[in-house]
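Okay, here's what each chain looks like letter by letter:
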Amino acid sequence: QSKQRPAMAGKQPKDAFPLLKSAEILQCLNELGIASSEDDLLHPTGLKVQHIYASFNELLLHRKREDMAQPDFEGLQELEFPELHEQSVPMIGFLSACQKLMAIAGVGDFTMSDLIKPEARRV
C-alpha cells in the first residue's frame, strides 16, 4: 500500500489531495447517505466502489447508473455481434461518467482499474 506510481515516485505534486483517514472518509460518505465500512476502504472490491461512484454520480451530477449504462443502440448495431457487448458497453458508459466526475474533482488518471480492481490507496 505504500507503493507510489512511477510518475510520482519521490515527489508529491503541488496540487495533491490531502490523505484523509478512514474515519474522515466514512463520515463524509455517511453524511451523503452512502453506506460504507472501514473494511470497504481498506479492502475495496469492484462492486463496492462501483456503488460508491454510482452514488456520487447520482448525488452530484443527478445521473443514475441505469442512465449512464444506456448503450448507443445505433453504434451497438454497427458491431458484428452486438450481443457480445451487452455487459461491456454499459460498463464503458459508467466509466466515462465516472471519469467526467473525477476530472471535475481534479483526478485526471481515473481508469477502469479503479472500478474493477480498486486499490485502497486510490479509494
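Below is a short write-up of the structure. (Residues numbered from 1 in each chain as written. Predicted model: local features only at pLDDT ≥ 70, side-chain atom pairs only at ≥ 80, totals over all residues. Heavy atoms only, no water.)

1. Focus: the environment of I116
Mapped onto the secondary structure, I116 falls in helix α7 (residues 112–116). Given the relative accessible area of 52%, I116 is considered exposed. Note: C-alpha distance between I116 and M91 (25 residues apart in sequence) is 9.9 Å. Leaving out residues up to four positions away in the same chain, I116 has contacts with G46, Q50 and M91. (Helix = DSSP H or I, 4+ residues; strand = E, 2+ residues; numbered from the N terminus. Buried < 20%, exposed > 50% of the residue type's maximum accessible area, 1.4 Å probe, protein only. Contact = heavy atoms within 4.5 Å.)

2. Quick notes on the pattern of salt bridges
Applying the stated criterion across every chain, the model contains four salt bridges. For D109, the salt bridge is made with R122, and the minimal N-O distance between the two is 3.1 Å. Of this pair, D109 sits in the loop between α6 (88–104) and α7 while R122 is found in the segment after α7, placing the two residues 13 residues apart along the sequence. Note on D109: relative accessible area 33%, which makes it partly exposed. One salt bridge connects R121 with E119, and the closest N-O pair in it is separated by 3.1 Å. Since its relative accessible area comes to 36%, R121 is described here as partly exposed. The class for E119 is partly exposed, based on a relative accessible area of 37%. (Salt bridge = Lys/Arg side-chain N within 4 Å of Asp/Glu carboxyl O.)

3. As for the packing of helix α3 (residues 46–61) against α6
Two elements in contact, α3 and α6, have axes separated by 10 Å at closest approach and are oriented at 60°. Handedness of the crossing formed by α3 with α6: left-handed. For the pair formed by α3 and α6, the contact residues are Q50, Y53, A54, F56, N57, L60 and L61 on the first element and M91, F94, A97, C98, L101, M102 and I104 on the second. Here the residues of the contact of α3 with α6 are counted per class, giving twelve nonpolar, two polar and no charged. (Axes fitted to C-alpha atoms, helices over the stretch in contact; angles between N-to-C directions. Left-handed = near helix turned anticlockwise from the far one by under 90°. Nonpolar A, V, L, I, M, F, W, Y, C, P; charged D, E, K, R; others polar.)

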